[in-house]
Amino acid sequence: MDHQGMIIRPPSEAGSVLLQVTLGCSHGRCAFCGAYQGKRFAIKPRGTVLADILYAARHYPDRRRIFLCDGDAMILPQARLTDILSLIREHLPWVTRVGTYASAKSLKRKTDAELAELRGLGLGIVYMGLESGDDAVLRDMGKSGDAACIVEQGQRAGAAGFKVNVTVINGLGGVERSMEHAQATARALTRIDPDQVGALSLMLVPGTPLHERFERGEFELPDAPGILRELREMLAGTTLTRGLFLADHASNYLPLKVRLPSGKQAALDSLDRALAGRTPLKAESARRL
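Residues numbered from 1 in each chain as written. Predicted model: local features only at pLDDT ≥ 70, side-chain atom pairs only at ≥ 80, totals over all residues. Heavy atoms only, no water.

An unreviewed UniProt entry annotates the chain as Radical SAM protein of Pseudodesulfovibrio methanolicus. Quoted verbatim from the Cofactor (unreviewed entry) heading of the UniProt record, the comment on the chain is "[4Fe-4S] cluster". (UniProt positions renumbered as here; feature names shortened; annotations may be inferred.)

The structure is reproduced here in structure tokens:
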């Protein structure tokens, strides 16, 4: 298949066919992100995408899920996106779910009717990067849209019938805004009420603006206990109707898989034990992006 450059996908899409329909990210200005360095955003030709779909039909008859790469396939014009979903349905009829990254910017460009159309064609899950519910942090990190906009678009995605997976990043407010970041993010998550939250811990990527600020002493990264205190504050303030709060990414110091609301107290107790030094944390050398 025509995979250009590094391919990024959510952990839960490990067994999916990775269908690259765009290159890079349509925003590409987040200070912390090094995922698409060196990739200029572009829409891949229809013929290339079709060839990959036909390849998948020949070689992956056992795969039931497809993930559309790169950074924000939802930004594709509606006609192009519906065409891709129709080609998947035609040539890969055994596929039960298609997923994609989606930003507030790209969701906002779709009408409610267009979102419903995409859902009807098999797009079943969207992965949104909230990162922080604190507008000061979002501005500082160069994110597109404020918290209210991201919350609104997350709610629209859920109302359209998509499974909504929201990513947040502990440590993104630095030491200075750690608690403000945690508390505001918890409020935003509660309002979105996603099916799943994925909490990562910030790892600075060389070559990104945030790493350069860190090197100049302009950004102070919380230490491991600081990250855990922030995570505890965020989890304590997050209320989901029914969903998973996952902090089991390779970047995290203490893996957690929490079913909310029933599992919240047990998870908070686990964090308290770790903060008291009674549970070992993942070594820095073992953490990964």
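Still more to cover.
Chemist: Mind showing me how you'd approach the sheet that holds strand β9 (residues 243-246) here?
Modeler: Each strand in a sheet pairs with another by means of backbone hydrogen bonds, the pair being arranged parallel or else antiparallel. Pairing in this open sheet of eight strands is mixed, and the strands run β1-β4-β5-β6-β7-β8-β9-β10 from one edge to the other. The open sheet is flanked by β1 (17-20) and β10 (257-260), the only strands paired with a single partner. Going across the sheet, the axis of each strand differs from the next one's by a mean of 20°, ignoring polarity. Across four bridges, the pairing between β9 and β10 is antiparallel. The residue bridging leucine 244 from the neighbouring strand is arginine 259, located in β10. Its contacts with the sheet put helix α9 (residues 224-237) on β7 (163-170), β8 (196-201), β9 and β10, and the angle it makes with β7 is roughly 145°. (Pairing = 2+ DSSP bridges. Helix = DSSP H or I, 4+ residues; strand = E, 2+ residues; numbered from the N terminus. Axes fitted to C-alpha atoms, helices over the stretch in contact; angles between N-to-C directions. Contact = heavy atoms within 4.5 Å.)

Chemist: Just to check I follow, could you spell out the pairing of β1 for this structure?
Modeler: Regular strands place their side chains on alternate faces of the sheet. Here β1 shows a buried face lined by Val17 and Leu19 and a second buried face lined by Leu18 and Gln20. Of the pairings in the sheet, the one linking β1 to strand β4 (residues 65-69) comprises four bridges and is parallel in character. If you follow glutamine 20 over to β4, its bridge partner there is cysteine 69. (Buried < 20%, exposed > 50% of the residue type's maximum accessible area, 1.4 Å probe, protein only.)

Chemist: Can you help me understand the nonpolar core in this one?
Modeler: One recurring pattern in soluble globular proteins: nonpolar side chains tend to sit buried together. Core analysis: the largest hydrophobic core is formed by 64 residues, its most contacted members being Leu19, Ile66, Leu68, Ile88 and Phe245. Broken down by element, the residue count for this core peaks at six residues, all from α9. In this structure leucine 19 touches Met1, Val49, Asp52, Ile53, Ile66, Phe67, Leu68, Cys69, Ile84 and Ile88, once residues within four positions along its chain are discounted. If you look at the next biggest cluster of nonpolar residues, it comprises 11 residues, including Ala31, Val137, Leu202 and Phe219. (Core = buried A, V, L, I, M, F, W, Y, C linked by side-chain atoms within 4.5 Å.)

Chemist: How do you make sense of the packing of helix α7 (residues 178-192) against α9 when you look at a structure like this?
Modeler: The angle between the axes and the distance between the axes are what describe a pair of packed helices. Two elements in contact, α7 and α9, have axes whose closest approach is 8 Å; the angle formed by their N-to-C orientations is 30°. With respect to each other, α7 and α9 are oriented roughly parallel. With respect to the hand of their crossing, α7 and α9 are arranged in right-handed fashion. Residues Ser178, Met179, His181, Ala182, Gln183, Thr185, Ala186 and Thr190 of α7 lie in contact with α9, whose contacting residues are Gly226, Arg229, Glu230, Glu233, Met234 and Gly237. Class assignment for the residues of the contact of α7 with α9 results in four nonpolar, seven polar and three charged. (Parallel < 35°, antiparallel > 145°, perpendicular 65-115°, else oblique. Left-handed = near helix turned anticlockwise from the far one by under 90°. Nonpolar A, V, L, I, M, F, W, Y, C, P; charged D, E, K, R; others polar.)

Chemist: What is the right way to read unusual backbone geometry from this model?
Modeler: With glycine set apart, most residues show a phi of negative sign, and most peptide bonds adopt trans. Each neighbour pair has its own omega, and for cysteine 69 with aspartate 70 the value is 10°, a cis peptide bond. Mapping aspartate 70 onto the fold places it in the loop between β4 and α2 (78-91). Going from leucine 260 to proline 261, the amide bond is cis rather than trans, its omega being 5°. Positive phi outside glycine occurs at glutamate 131, with the angle close to 70°. Following the sequence through the fold, glutamate 131 ends up in strand β6 (residues 123-131). For aspartate 193, which is not glycine, the phi torsion reads 55° and is therefore positive. For aspartate 193, the location among the structural elements is in the loop between α7 and β8.

Chemist: Help me understand the pairing of strand β5 (residues 97-101) in this model?
Modeler: Across the five residues of β5, five count as buried, placing the element largely inside the fold. Judged by which residues are buried, β5 turns out to be covered on both faces: Arg97, Gly99 and Tyr101 on one side and Val98 and Thr100 on the other are all buried. As paired strands, β4 and β5 are joined by four bridges and run parallel to one another. The partner of arginine 65 across the bridge, within β5, is arginine 97. You can see the chain leave β4, run along α2 and come back into β5, and the turn it takes is right-handed. As paired strands, β5 and β6 are joined by four bridges and run parallel to one another. Looking at the pairing, glycine 99 lines up with isoleucine 125 of β6. (Right-handed = clockwise from strand over helix to strand, strands pointing away.)

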